[in-house]
Amino acid sequence: MNLDRRQVLALGVGAAVMTAIGLPGVAVAAVGDVEKAIAEFTKGAEITTGKVVLSAPQIAENGNTVPIEVTVESEMTQASYVDAVMILAAGNPNPGVATFKFSPMSGEALASTRIRLAKTQDIIVIARMNDGSCYKDQKTVKVTIGGCGG
Amino acid sequence: MKFYLKSTLMALGVAGAFMATTSFVAADADDHKLFIDDVEILTDIAAPEGSPLDHLYSGWRFRSPETQDLQTDDFGNPGFAAITLAEELWDTAEGAKGKSCASCHNDVDEGMKGVSAAYPKWSDKLGKPHTLVTRVNECRTDRMEAKAWKWEAPEMLAMTALVGLQSRGMPVAVKSDGPMKSWMEKGKDIYYARVGQLNMSCANCHEQNFGNMIRADHLSQGQINGFPVYRLKWGGLGSTHRRFKGCMKNIRAKAFGVGSDEFIALEAYVASRGNGLAVETPAVRN
Amino acid sequence: MAKSKPRVKVPKTADAGEVITIKTLISHTMESGQRKDKKTGDLIPRKIINAFKAEFNGQTVFEAIIEPAVSANPYFEFRVKVQESGEFKFSWTDDDGSVYEKSKKIKVA
């Protein structure tokens, strides 16, 4: 790594630099962990895109509290409903964030919470329907680190 | 290696932001309006006469839309978990006298309305200004004969937040004259004094460069109208003194102590720079 | 540490078949198990709220399995379709085995 001052300034936003070189001491989940969690959740079902939408900020001012929301398109009846939604943060020391379990009584498959992100990374959400079919959405959230946040 | 690189980059980033104008990213206060449960809280006003600033902006205006959102409903505002705790404490009798806050002050919303907007405030008894923290402790030790709470104790933060909430939307009105004058001067000296390895003063960031980015951070005017504030970084409420300490550490200065006369003077002076701004306690910041 | 305080927001009334929004928040530090004690350098043991459940008239309507990546003072917002009057029961389970509970009634016309 050989950055001179000009390059550092050119990069401007410190977070970009920090992300590029990685944060000392922060462990990152192995790719295998993410795959394993997904396989357990989907029980081997094929994953399609669509139906599930993850809302998350493009840039999080602080990784300690990042508001996110998931919604899944479904009529939410006894015959057809969203069973569960799993949220993973691929760049955290442990990828698991939360799993929401819905029921036909949910009326609407929507839930929001606030999560911790150790660094800039992808958030992955997988929705599992009552018939076992699975859908996926994914967003990258940039986490600003450093600066003068006292 | 990584540590070395990190600290070098940080030093360069901070110093660089002030040396090279090209590294400034103009990003003024936004034009968002703050409504909390549909009641508007004014987040900017024309500066009062004698202010070194032209216009006063609440720190809320410098935050990202997601952080701003967290303050727009009292349920979603995580600082309100502490309010729930403080409401219980308000009615809880403690100490040798068997009194609670409510024994003297009745309901908090009638007894404490507008109170915090005037703090820090001169105390003849102390011979120096009272902050809300020392005022709460005076009640505890003298009237309740209970143990004082520590400055950053969860109970103290919760109670000062609850008292502050009773002034929400009311203008900050800290007195600078009379016996407060010398403390204001002392606070002002601290505000403008360059300190630390980076040789910076409060004014360098919060008066001369608010609205600009310092690395990844959007600098505010450093107004304290929302304290105690829920900081995402802290994952909880914290006092002005804790925030001051963080700033001083960032400029590589030896920080004054929480509760020190220096920080009391600085708190009084910084509060007075926000005279007229609406109280936002408990605000949410990054 | 101060005891965890749950808060919930449920509308007092609703129409039959209406989908209502429920908000919940509990005060909790959510110690992740990743942080080190600044003085000793030892890892601070994990202590989080690991599960949340909402029941309506005895039936589970929403659940969350929670990992340390959920922020301090966990917040959950979700929807429920109500057909009749009744009572919501919310419970949060701590790693230490404690369960925090809160109930709210709703009138459905």
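Model, not experiment: these values are computed from the prediction.

Participant: Looking at this model, I keep getting lost on the overall build of chain C. Mind explaining?
Facilitator: A count of helices and strands for chain C gives zero helices and eight strands. In chain C, the succession of α and β elements from N to C terminus is β-β-β-β-β-β-β-β. Taken over the C-alpha trace, chain C has a radius of gyration of 16 Å; the compact-globule value for 109 residues is 13 Å, which it surpasses by more than 25%. Counting over 109 residues, chain C shows a buried share of 48%. By sequence separation, contacts in chain C at least 24 residues apart represent 57% of the contacts at least 6 residues apart.

Participant: Where do I start with the interface of chain C and chain A in this structure?
Facilitator: How big an interface is tends to be stated in terms of the accessible area lost upon association of its parts. Each partner contributes to the interface: chain C provides 28 residues, whereas chain A provides 25 residues. Of the roughly 2200 Å² buried where chain C meets chain A, counting both sides, 50% is carbon and sulfur surface. As a salt-bridge pair, Arg79 of chain C and Glu108 of chain A come within 2.8 Å of each other at their nearest N and O atoms. Counting every contact that joins chain C to chain A gives 17 residue pairs in polar contact (both at pLDDT 80 or more). Going through the elements one at a time, strand 3 (18-26), strand 5 (59-66) and strand 6 (75-82) of chain C are the ones with two or more residues in the side of chain C that touches chain A. The leading source of residues in the side of chain C that touches chain A is strand 5 of chain C, at eight residues. Classifying every residue of the side of chain C that touches chain A by side-chain character gives 17 nonpolar, six polar and five charged.

Participant: Quick question: what am I supposed to make of the sheet that holds strand 6 of chain C here?
Facilitator: Paired through backbone hydrogen bonds, the strands of a sheet run either parallel or antiparallel to each other. Read across the open sheet, the six strands follow the order 2(A)-4(A)-7(A)-6(C)-3(C)-1(C); overall the sheet is antiparallel. Two strands close off the open sheet at either side, each with one partner strand: strand 2 (52-55) of chain A together with strand 1 (6-9) of chain C. Taken over all neighbouring pairs, the strand axes of this sheet differ in orientation by 20° on average, direction set aside. Sheet analysis places strand 3 of chain C next to strand 6 of chain C, joined by eight bridges and oriented antiparallel. Paired with Ile20 of chain C across the bridge in strand 6 of chain C is Val80 of chain C.

Participant: Any chance you could explain the state of the cysteines here in plain terms?
Facilitator: What is meant by a disulfide is a covalent connection between two cysteines, made through their sulfur atoms. Residues and elements named next belong to chain B. All chains considered together, the criterion is met by zero disulfides over all chains. Looking at Cys247, it has no disulfide partner, and the nearest cysteine sulfur is the one in Cys202, 7.0 Å off. In this structure Cys247 comes out as partly exposed when scored by relative accessible area, which is 27%.

Participant: Got a minute to help me understand the pairing of strand 5 (residues 82-89) of chain A in this structure?
Facilitator: Of all the eight residues making up strand 5 of chain A, seven are buried; the element is thus mostly covered by neighbouring parts of the structure. Taking the residues that link successive antiparallel strands as the turn, the strand 5 of chain A-strand 6 (residues 96-101) of chain A hairpin has six residues.

Participant: Explanation requested: unusual backbone geometry in the structure shown.
Facilitator: Excluding glycine, residues mostly carry a negative phi; peptide bonds, for their part, are mostly trans. Residue and element names in this part refer to chain B. Going from Tyr119 to Pro120, the amide bond is cis rather than trans, its omega being 0°. Residue placement: Pro120 occurs in the loop between helix 5 (108-111) and strand 5 (121-123). Along the chain, Phe227 connects to Pro228 via a cis peptide bond; the corresponding omega equals -10°. For Pro228, the location among the structural elements is in the loop between strand 8 (217-218) and strand 9 (229-231). Residue Asn199 is not a glycine yet carries a positive backbone phi of 55°.

Participant: I would appreciate a short explanation of helix 10 (residues 240-250) of chain B in the present structure.
Facilitator: An α-helical segment advances 3.6 residues per turn. Residues three or four places apart therefore align on the same side. All names here are of chain B. Every buried residue belonging to helix 10 is among Thr240, His241, Arg243, Phe244, Gly246, Met248 and Asn250, and all of these are buried. Looking at the packing, one finds that the buried side of helix 10 touches strand 9, strand 10 (236-238) and helix 11 (261-273). Positive phi appears at Arg252, one or two residues downstream of helix 10, with a value of about 60°.

Participant: How should I be thinking about the pattern of salt bridges in this particular structure?
Facilitator: A pair can form between side chains of opposite charge whenever their charged atoms are brought close. All names here are of chain B. A full pass over the atoms with the stated rule returns 22 salt bridges over all chains. Put simply, Asp44 and Arg61 hold a salt bridge, and the shortest N to O gap is 2.6 Å. Here the residue Asp44 occupies a position in strand 3 (residues 44-46), and Arg61 occupies one in the loop between strand 4 (55-57) and helix 2 (65-69), the gap between them amounting to 17 residues. Through salt bridges with shared partners, a single network forms among Lys125, Arg135, Glu138 and Asp142.

Participant: Explain the packing of aromatic side chains to me, please; I cannot follow it from the model alone.
Facilitator: A ring pair, where both rings are aromatic, is described by two values, the distance of the centres and the angle of the planes. According to the stated counting rule, one finds 18 aromatic pairs over all chains in the structure shown. Each ring, one from Phe88 of chain C and one from Phe90 of chain C, has its centre 5.8 Å from the other, and the planes form 15°; the classification is stacked. The buried category is assigned to Phe88 of chain C, whose relative accessible area is 0%. The rings of Phe100 and Phe102 of chain A together with Phe52, Phe56, Phe62, Phe76, Phe78, Phe88, Phe90 and Trp92 of chain C are connected pair by pair, giving a single aromatic cluster. Its guanidinium or amino end placed over the ring of Tyr75 of chain C, Arg114 of chain A lies 3.9 Å from that ring's centre, counting from NZ or CZ. A cation over a ring is seen here: Arg140 of chain B above Trp149 of chain B, with NZ or CZ 3.8 Å from the ring centre.

Participant: For this particular structure, what's the right way to read the nonpolar core?
Facilitator: One broad rule of soluble globular proteins: the nonpolar side chains tend to lie buried together. By size, the foremost hydrophobic cluster in this structure holds 58 residues, and its most contacted members are Phe100 of chain A together with Phe52, Phe78, Phe88 and Phe90 of chain C. Excluding residues within four positions of it along the chain, Phe100 of chain A makes contact with Val70, Asp83, Ala84, Val85, Ile87, Ala111 and Thr113 of chain A together with Phe62, Glu63, Ala64 and Phe76 of chain C. Among the nonpolar cores identified, the runner-up in size contains 34 residues, and Phe80, Met112, Ala161 and Leu162 of chain B belong to it.

Participant: So what exactly am I meant to see when it comes to helix 6 (residues 132-143) of chain B here?
Facilitator: All names here are of chain B. The end-to-end C-alpha separation of helix 6 is 16 Å, in line with the 16 Å expected for 12 residues at 1.5 Å each. Among the structural elements, helix 4 (101-105), strand 6 (128-130) and helix 7 (154-165) are those in contact with the buried residues of helix 6. At the C-terminal side of helix 6, Glu145 shows a positive phi close to 55°.

Participant: Even after reading the chapter, I still don't get the side chain of Thr131 of chain B, so can you show me in this structure?
Facilitator: Residue and element names in this part refer to chain B. Tracing the backbone shows Thr131 in the loop between strand 6 and helix 6. Classification of Thr131 as buried rests on a relative accessible area of 1%. Thr131 has contacts with Tyr119, Pro120, Trp151, Ile264 and Glu267, leaving out every residue within four places of it along the chain.

Participant: What is the right way to look at the packing of helix 6 of chain B against helix 7 of chain B in this model?
Facilitator: To characterise two packed helices, one gives the angle between the axes of the helices and the distance between these axes. Residue and element names in this part refer to chain B. Closest axis-to-axis distance for the helix 6/helix 7 pair is 10 Å, and the angle between their directions is 105°. Overall, the two elements helix 6 and helix 7 adopt an arrangement that is roughly perpendicular. Between helix 6 and helix 7, the residues in contact are Leu132, Val133, Val136 and Asn137 and Met156, Met159, Thr160 and Val163, respectively. Its residues assigned to classes, the contact of helix 6 with helix 7 comprises six nonpolar, two polar and no charged.

About the criteria used
Here the residue numbering is sequential within each chain, running from 1 through the sequence in written order. Chain A is the first chain written and ligand 1 is the first ligand written, with later ones labelled in order. Given that the model is predicted, a residue must reach a pLDDT of at least 70 before its local features are reported, and side-chain atom pairs must reach 80 or more before they are shown or counted; all residues, however, enter totals for whole chains, interfaces and linings. Here the side-chain values reflect all heavy atoms present in the structure, with hydrogen atoms and water set aside. Numbering of helices and strands runs from the N terminus, with a helix taken as a DSSP run of H or I at least four residues long and a strand as a DSSP run of E at least two residues long. All radius of gyration figures rest on C-alpha atoms, and the globule criterion is 2.2 Å times the number of residues raised to 0.38. Burial status follows relative accessibility: with a 1.4 Å probe on protein chains alone, a residue under 20% of its type maximum counts as buried, one over 50% as exposed, and anything between as partly exposed. By the convention used here, residues are in contact when the closest approach between their heavy atoms is within 4.5 Å. For any pair of parts, buried area is found by adding up, for both, the accessible area (1.4 Å probe) each one loses once the two are put together. Salt bridges are defined as contacts in which a side-chain nitrogen from Lys or Arg sits within 4 Å of a carboxyl oxygen from Asp or Glu. As used in this structure description, the phrase polar contact means that two N or O atoms lie within 3.5 Å; if the pair is within protein, one of them must be able to donate a hydrogen and the other to accept it, and residues adjacent in sequence are counted only when both atoms belong to side chains. Residue polarity is assigned by list, with Asp, Glu, Lys and Arg as charged and Ala, Val, Leu, Ile, Met, Phe, Trp, Tyr, Cys and Pro as nonpolar; anything else, Gly included, falls into the polar class. By this definition, two strands are paired if DSSP reports at least two bridges between them. Angles here are taken between N-to-C directions and fall from 0 to 180 degrees, while the axes themselves are lines fitted to C-alpha atoms, restricted in helices to the stretch in contact. Throughout, disulfides are identified as pairs of cysteine sulfur atoms within 2.5 Å of each other. Aromatic pairs are defined between Phe, Tyr and Trp rings, using the six-membered ring for Trp, whenever the two ring centres lie within 6.5 Å; interplanar angles under 30 degrees are classed as stacked, those over 60 as edge-to-face, and all others as tilted. Comment: the charge-over-ring label is applied if NZ (Lys) or CZ (Arg) is within 6 Å of the ring centre and within 35 degrees of the ring normal. Only buried residues count toward a nonpolar core. Its members are Ala, Val, Leu, Ile, Met, Phe, Trp, Tyr and Cys residues joined through side-chain atoms within 4.5 Å. Between the first and last residue of a helix there are one fewer steps than residues, each counted as 1.5 Å, and that sum is the expected span. Reported orientations rely on four angle classes, namely roughly parallel under 35 degrees, roughly antiparallel over 145, roughly perpendicular from 65 to 115, and oblique for the rest.

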